[in-house]
Amino acid sequence: MKIRGYRVELGEIESVLAGLPGVAQAVVELRGDRLVAYLGHPDAESRPDAARLRETLRALLPDYMIPSRYVWLATLPLKSHGKVDRAALPDPGGEPAGEAEYTPPATPMEEAVTAIWAGVLGVPRVGALDDFFELGGHSLLAMQVVARMRAVAPERRITIMDLFRHPTVRELGRLAEQGEDGPRRLLHRLTPDRPTTDTLVCAPYGGGSAVIYKPLADALPDGWALFSIAVPGHELGEQARPLDEVAAECVQEILANVTGPLTLYGHCGLGVMLTVEIARALEAAGREVDAVYLGGIFPFARVKTRLSRIAGAWSELTDRLRSDQLWANALQAAGLDVDELGRDQLTLVIDNRRKGTKEAERYFTRLFEEGAEPLRAPIISVAGDRDPATEFYQERFREWHLLTDVTGVAVLDEAGHFFVKYRAEELAEILTSTHQAIAEGQPERLSRTDRSTWWLHGVSVRTPADRPPADRPPAGRSPVFRTAEEPGGGPRPSMRRFGLVAVGQLVSIIGSALTEFAIPVWIYTTIGSLVSFALLAVLGLVPGMLVSPLAGALVDRLDRRRVLLAGDIGAGGTQLTFGILLWTGNLQTWHVYPLLALLSVALTFQRLAYTSAIPQLVPKRFLGHANGVMQMATGTAQLVVPLVAVGLMAVIGIDGILVIDVVSYVLAVGVVLVTRFPKTMAATRRESIGTEILHGLRYSWGNRGFRGMLGFFAVLNVFLSPLFLMISPLVLAFAGVPEVGRVSFAGGLGAFVGGLAMTAWGGPRRRRLRGVLTATLALSVACLVTGVRADLTLIAAGAFGMSLCLTLVNGIYATIIQVKVPQRFHGRVIALNTLVAWSTLPIGFGLVAPYGASVFEPLLAPDGPLAGTVGAVIGIGAGRGIGFMYVCFALAIATIALVSTRVRALARFDEEVPDAVPDDLIGFESVRNRR
């Protein structure tokens, strides 16, 4: 079961409790949202009190597995067969809240606080000296207390950190009445007040409270103190302050209050920025810093080119449109337990993440352009092995040479992005030992072993000779410096190098898109065969789909440049062969089929090699923008290609379009031939496509809800795919090729608008599969509109609606995967769903579309059986049978959606399929089970 976002086995808690002194029997129950321990021992004098039990359990169990209530019985009730009778266990509500002597509240404020605590904790009575956390409180309940405290003490800004520092009713009541002595501090000590030799100062991620480091504080050795930074604006009701002001105040507090060895840690964008600024200011003030640890991120920057500015403006627009729900889905997929956040707190986290991401990009861009005085302290990255944000950590940790001469990277096995919460013990080991091993010249003692749950992956030392000259800032060069332990040779990644290859590939993609649009239309208008038209669609899809697992494996193992070159030559050669046959008058219809199959295979290799090579070509700090530029350029090209293609067909015909395509591939091949690829990391799969599909089958097939969803999409595609294919024949039945282009443009525009709608909306918050079914009903209406009349405006409107609704269906489905499947398994589930969905396309394209049309067309002929009935509504003559097929299939799609609302696996999907547990918890359990 899930407790506070964690998967919990009650039997594990019971076995630990039963092994404690003074506990003869133990049973744990979930009552409401709290764990209650029922303990049995006949001798009341031998029973440990609740405080002692909690203290003992903290050393044996994670915090979320410690019961909040303890009920003692002389013996636990048993059934006749000897098992515990759980139904006979008493209600814990009648038990005292704690075993300490009850002290009544002494002031009206204390009375108000006790009432709030009693309501939040679900206990009948709270004393003035009771400790919130010993009564079973935790961070989620603390947020509820803080929200209610604002109503009784609006003049005092009580925060979650205040509750952690003042955990009794009396202390919190006094704070609410009198406020704090002296100015409000930013640094808060989370470790006990004990003698220490070393200090760790931690900065939270954007929107994170200072309290997020409490598990890390509990895991630190006794000789360490931890101070966490309460960033202004991270608590509800607080006013945010500029980064430099916060950093300056933190530096003042450190200089005034922290002595001895000092280590800094920052997590994600804001935490990393703040930590770097504090480190720079401390060293400028003469304060030594032993090490700077930066987790969950590497420096990223904006490219300042004309195209990137256009892409940046588009990115700014989509960021403004991007809904909070999309942010929440992404954060949940990354591992943030949004169930532990109230709605207001989640909104605050999202707002801080929005601002923090942009601020971090501006900050690092400025550092790369202007340079920075190197720190004396080493910078050690902390990366989760499964965190997409720290992908390519094997190489990217050297980018911190921007700020220091010594860099390293420690890797947490199976960890995601929010490992601060779930891997506190290992993080404590990393932060207290890694820099010492590097300083002592013994980093190898932290190398990976078979039993390692974390390891030091590498250390890079930059010599003064490697530094950029003082009068030449490093804006145009990669911050990857060659050292003895890293491979040399090859050119450096650069945006210019990427731009050359990207332009060549984009030109060839546009050329292929022109021919892919023009050839089927040309074939259909030439021979008038729907079977040939549909077969072309199948051959353009299936060979590439079948070869993609092999292509992916070869791309991962071979030189990307050579594979890309082979794909370009194969595709260009295929188009050249097609052109020669056409230009010499020797082209026959059957020639087109094998050529189109070969083109499908070649394009698969080209696409996979190119996307895999982008991280190899681009300085990885610019990778996000490079991908954004390519998506924008490719999407725009796909949108306008139908209009351009019909214009070209009218002017130069299919012969001229093939010439353009062949020339585009000559350009693409030439660019790749003259461009050397850097010897840096390219994108690779953790698993092959085949392995992903197999694991996805294992993951999905055991869940009735996912099985039902797979079946729904498989059946839907049988009826839907022919309708997207038959739009061109539907239009050509009464109009010409230019009209086909305009209708195709309307369809592309619908997909574009649907994407913007999903960005601004984010999909349903709760009943997501119901949203899929609703969008499918709307899709059926659009299909109906497309076929109901031989009217170009109606068909264009229908095509627009079909693409828009399909984009919404796919977008909502993507949010289901984000929320219901742990992030590390997304690729597996998507690979399986894609296989199932695509497996039905040959049926829809190759069988249903052509043969269905051949059945429907005679029915709506002028003398056909339905000419006087259905024909009176939708018309008769050429193409009206295809229109009738749209109407019938629209009704079939609507029926599928409506029937699905009565199928329990789909109707109850949102309630019965639980949200995914945090990704880092999956990793934590994986590591724990391996021990």
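Relevant structure appears above.
Residues numbered from 1 in each chain as written. Predicted model: local features only at pLDDT ≥ 70, side-chain atom pairs only at ≥ 80, totals over all residues. Heavy atoms only, no water.

Engineer: Please clarify how the overall build of the protein chain should be interpreted in this entry.
Structural biologist: For the protein chain, the helix and strand inventory stands at 34 helices and 13 strands. Looking at the 931 residues of the protein chain, the share that counts as buried comes to 56%. Counting only contacts in the protein chain whose residues sit at least 6 apart along the sequence, the fraction spanning at least 24 positions is 78%. Summed over all atoms, the accessible surface of the protein chain reaches about 38,500 Å², with 58% contributed by carbon and sulfur. (Helix = DSSP H or I, 4+ residues; strand = E, 2+ residues; numbered from the N terminus. Buried < 20%, exposed > 50% of the residue type's maximum accessible area, 1.4 Å probe, protein only. Contact = heavy atoms within 4.5 Å. Areas by Shrake-Rupley, 256 points an atom, 1.4 Å probe, with all protein chains shown as cover.)

Engineer: Would you take a moment to explain helix H1 (residues 10-18) for this structure?
Structural biologist: An α-helical turn contains 3.6 residues, so any two residues separated by three or four positions project in the same direction. Looking only at H1, the buried set comprises Leu10, Ile13, Glu14 and Leu17. Taken down its axis, H1 places every buried residue within 100 degrees of arc, on the same side. (Arc of directions from axis to C-beta.)

Engineer: What's the story with the packing of helix H29 (residues 841-859) against helix H31 (residues 880-900) in this structure? I'm lost.
Structural biologist: When two helices pack together, you describe them by how their axes are tilted relative to each other and by the distance separating the axes. Where H29 contacts H31, the two axes come as close as 7 Å, and the packing angle between them is 115 degrees. Relative to H31, H29 is oriented roughly perpendicular. The two elements H29 and H31 meet at a crossing, and its hand is right-handed. Listed contacts from H31 to Val848, Ala849, Gly852, Ala853, Phe856, Glu857 and Leu859 of H29 are Arg880, Gly881, Ile882, Phe884, Met885, Cys888 and Phe889. (Axes fitted to C-alpha atoms, helices over the stretch in contact; angles between N-to-C directions. Parallel < 35°, antiparallel > 145°, perpendicular 65-115°, else oblique. Left-handed = near helix turned anticlockwise from the far one by under 90°.)

Engineer: Just to check I follow, could you spell out the packing of helix H17 (residues 530-557) against H29 for this structure?
Structural biologist: Between H17 and H29, the shortest axis-to-axis distance is 9 Å and the interhelical angle comes to 175 degrees. Classified by the angle their axes make, H17 and H29 are roughly antiparallel. Mapping the contact onto sequence places Leu530, Val531, Ala534, Ala537, Val538, Leu541 and Val542 in H17 and Leu841, Pro842, Phe845, Gly846, Pro850, Tyr851 and Ala853 in H29. Grouping the constituent residues of the contact of H17 with H29 by class yields 13 nonpolar, one polar and no charged. (Nonpolar A, V, L, I, M, F, W, Y, C, P; charged D, E, K, R; others polar.)

Engineer: What should I look at first to understand the sheet that holds strand S5 (residues 69-73) in this one?
Structural biologist: Hydrogen bonding along the main chain pairs the strands of a sheet, whether they run parallel or antiparallel. An order of S3-S4-S5 is seen for the three strands of this open sheet, with the pairing classed as mixed. The sheet terminates laterally at strand S3 (25-31) and S5, the two strands that pair on one side only. Neighbour-to-neighbour, the strand axes of this sheet turn through a mean angle of 20 degrees, independent of strand direction. Judged from the seven bridges that link them, S3 and strand S4 (residues 34-40) form a sheet pairing that is antiparallel. What sits directly across from Leu30, in S4, is Leu35. Of the strands in this sheet, S3 and S4 are in contact with H1, which crosses S3 at around 145 degrees. (Pairing = 2+ DSSP bridges.)

Engineer: What is the right way to read unusual backbone geometry from this model?
Structural biologist: Excluding glycine, residues mostly have negative phi values, and the peptide bonds linking residues are mostly trans. Positive phi outside glycine occurs at Cys268, with the angle close to 65 degrees. Mapped onto the elements of the fold, Cys268 is located in helix H9 (residues 268-284). Backbone geometry places Phe392, a non-glycine residue, at a positive phi of 65 degrees. The residue Phe392 is located in the loop between strand S11 (379-384) and helix H13 (393-396) in this model.

Engineer: Would you mind going over the pattern of salt bridges with me for this structure?
Structural biologist: What the rule picks out here adds up to 23 salt bridges. With a closest N to O distance of 2.7 Å, Arg241 and Glu249 form a salt bridge. Arg241 gets classed as partly exposed once you look at its relative accessible area, which sits at 33%. Ionic pairing is found between Asp413 and Arg448, a salt bridge with its closest N-O pair at 3.9 Å. One end of the pair, Asp413, is in the loop between strand S12 (406-412) and helix H14 (419-422); the other, Arg448, is in the loop between helix H15 (424-439) and strand S13 (454-461), with 35 residues separating them in the sequence. Owing to a relative accessible area of 52%, Arg448 belongs among the exposed residues under this scheme. Residues joined by salt bridges that share partners form a network here, namely Arg704, Arg904, Arg908 and Glu912. (Salt bridge = Lys/Arg side-chain N within 4 Å of Asp/Glu carboxyl O.)

Engineer: Mind showing me how you'd approach the nonpolar core here?
Structural biologist: What tends to happen in soluble globular proteins is that the nonpolar side chains get buried as a cluster. Judged by nonpolar contacts, the single largest core of 120 residues is most densely connected at Ile13, Leu17, Leu39 and Met709. Examining the composition of this core, we find that eleven residues originate from one element, helix H27 (residues 792-820), more than from any other. In this structure Leu17 touches Val23, Ala26, Val28, Ala37, Leu39, Leu57 and Pro67, once residues within four positions along its chain are discounted. Counting residues in hydrophobic clusters, the runner-up holds 76 residues, among them Val201, Val289, Ala360 and Ala551. (Core = buried A, V, L, I, M, F, W, Y, C linked by side-chain atoms within 4.5 Å.)

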